[in-house]
Amino acid sequence: MMFSDKVALVTGAGGGIGSAAAKLFASKGAKVVVADFNAEAGEAVVSEIRNDGGESSFFRVDVTDELNVNEMISFCVERYGGLHIAHNNAGILHEAKRFHELDLGTWDRVMNVNARALVLCLRAELVHMLAAGGGAIVNTASGAGIAAAPMLSAYVTSKHAVVGMTKSAALEYARDGIRVNAVAPGTVETPMTANMTAQQRDALNELMPLGRMATPDEVAQVVAFLASDEASYVNGAVYTIDGGSSASA
Ligand SMILES: NC(=O)c1ccc[n+]([C@@H]2O[C@H](COP(=O)([O-])OP(=O)(O)OC[C@H]3O[C@@H](n4cnc5c(N)ncnc54)[C@H](O)[C@@H]3O)[C@@H](O)[C@H]2O)c1
């Protein structure tokens, strides 16, 4: 699986899963645009990639801002001459609260970053890929995009929207040479899941069939496969990466 001559964009690439994906794409020869709201985290990922001999640039983006998202795609084209792979991965979680207690501001924020922003990213990417004659898109959904997780109603709803958008786009652009897939990780060891107590972590690990959470790289490996030519007949798929948790549902 090599990505020589490919340009890959990863949003939320300053974070756990996104940085692992960006580094993996770069290690396989892609020129990688690391896009994130957090400039310090994103620049650090670019430095790591460059230190390892890879090609990468940072673009500071707020994926909820349409103009900014369009500029991000233009940046890919201007810097590296195209955009072949897009990993739409930026996302946020919210505090655990019952449905009726979760405030509307939180609903709006989560839906804005996880769902509406994906509309903006997909549209901009699809416009470019249609003109270019093809591409591969991988969205980061979640196990919470397939089944509900208690106390996370806005997150669950937003990730179900990611799955819906993935399937809709997959159908509509298949004959344009654009494949659109999603990954649905279970619980992954990233900054998003870092603020657990040792006791909560132990309890969670105990529930996992593999006795542990996923590493970001274990998610990135599936992202890279879906983005690669090896996955040429994989379209509209939502790949569960949960160590078997959902097998017992
Ligand atoms: N960690 C998990 O257990 C888990 C499980 C399933 C799915 N996911 C999903 O994986 C994706 C990555 O999560 P992670 O665990 O690596 O979390 P993370 O918090 O480490 O990374 C998320 C990144 O997104 C960036 N971001 C947030 N809002 C943004 C915005 N408006 N514009 C641009 N960038 C923005 C953050 O700065 C951060 O670097 C998310 O979509 C998340 O919902 C995570």
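Higher on the page you've got the structure.
The numbering scheme is per chain: residues are counted from 1 as the chain's sequence reads. With pLDDT at 70 or above as the cut-off, local features in this predicted model cover only qualifying residues; side-chain atom pairs require 80 or more to be listed or tallied, and sums for whole chains, interfaces and linings still use all residues. Hydrogens and water molecules were not included; the side-chain quantities draw on all heavy atoms of the structure.

## Things to note about the packing of helix H1 (residues 16-27) against helix H2 (residues 39-51)
Where H1 contacts H2, the axes come no closer than 10 Å and their chain directions differ by 25°. Comparing their axes, H2 and H1 come out roughly parallel. The two elements H1 and H2 cross, and the hand of that crossing is right-handed. Each of Ser19, Ala22, Lys23 and Ala26 in H1 lies in contact with H2, whose residues at this interface are Val45, Glu48 and Ile49. Residues belonging to the contact of H1 with H2 are distributed by class as follows: four nonpolar, one polar and two charged. Each axis is a line fitted through C-alpha atoms, taken for helices only over the stretch in contact, and angles between the N-to-C directions span 0 to 180 degrees. Numbered from the N terminus, helices here are DSSP runs of H or I no shorter than four residues, and strands are runs of E no shorter than two. Under this scheme an angle from 65 to 115 degrees is roughly perpendicular, one under 35 degrees roughly parallel, and one over 145 degrees roughly antiparallel; angles in between are oblique. By convention the crossing between two helices is left-handed if the near helix lies anticlockwise of the far one by an angle smaller than a right angle, and right-handed if it lies clockwise. Whether two residues touch is decided by their heavy atoms; if any such pair falls within 4.5 Å, the residues are in contact. By the convention adopted, Pro, Cys, Tyr, Trp, Phe, Met, Ile, Leu, Val and Ala count as nonpolar, Lys, Arg, Asp and Glu as charged, and the other residues, Gly among them, as polar.

## Describing the environment of Val69
Its place among the elements puts Val69 in helix H3 (residues 66-80). On a C-alpha basis, the gap between Val69 and Leu122 in space is 9.7 Å, while along the polypeptide they are 53 residues apart. For Val69, the residues in contact, after removing those within four places along its chain, are Val61, Asp62, Val63, Leu120, Cys121 and Ala124.

## Comments concerning the packing of helix H4 (residues 104-132) against helix H5 (residues 153-173)
Viewed as axis vectors pointing N to C, H4 and H5 meet at an angle of 15°, and their least axial separation amounts to 8 Å. Taken together, H4 and H5 sit at an angle that is classed as roughly parallel. Both H4 and H5 take part in a crossing whose hand is right-handed. Contact residues: Trp107, Val110, Met111, Asn114, Ala115, Leu118, Val119, Leu122, Leu126 and Leu130 in H4; Ser153, Ala154, Tyr155, Thr157, Ser158, Lys159, Ala161, Val162, Met165 and Tyr173 in H5.

## Some words on the site of the ligand
Near the ligand, the surroundings consist of 29 residues, among which Ile17, Asp36, Tyr155, Val188 and Thr190 are the closest. As used in this structure description, the phrase polar contact means that two N or O atoms lie within 3.5 Å; if the pair is within protein, one of them must be able to donate a hydrogen and the other to accept it, and residues adjacent in sequence are counted only when both atoms belong to side chains. Between Phe37 and the ligand, the recorded distance is 3.2 Å, taken from a backbone N or O atom to a nitrogen atom. Measuring from a nitrogen atom of the ligand, one finds a backbone N or O atom of Val63 at 3.0 Å. Alone, the ligand offers 820 Å² of accessible surface; in the complex the protein occludes 90% of this. Sorting the residues of the shell around the ligand by element identifies H1 and H5 as the ones contributing at least two each. When grouped by side-chain class, the residues that make up the shell around the ligand number 13 nonpolar, 13 polar and three charged. Near is defined per residue: the residue qualifies when any heavy atom it owns lies within 4 Å of the molecule or strand. For accessible areas, the Shrake-Rupley method is used with a probe of radius 1.4 Å. Any residue's cover is judged against the shown protein chains and nothing else.

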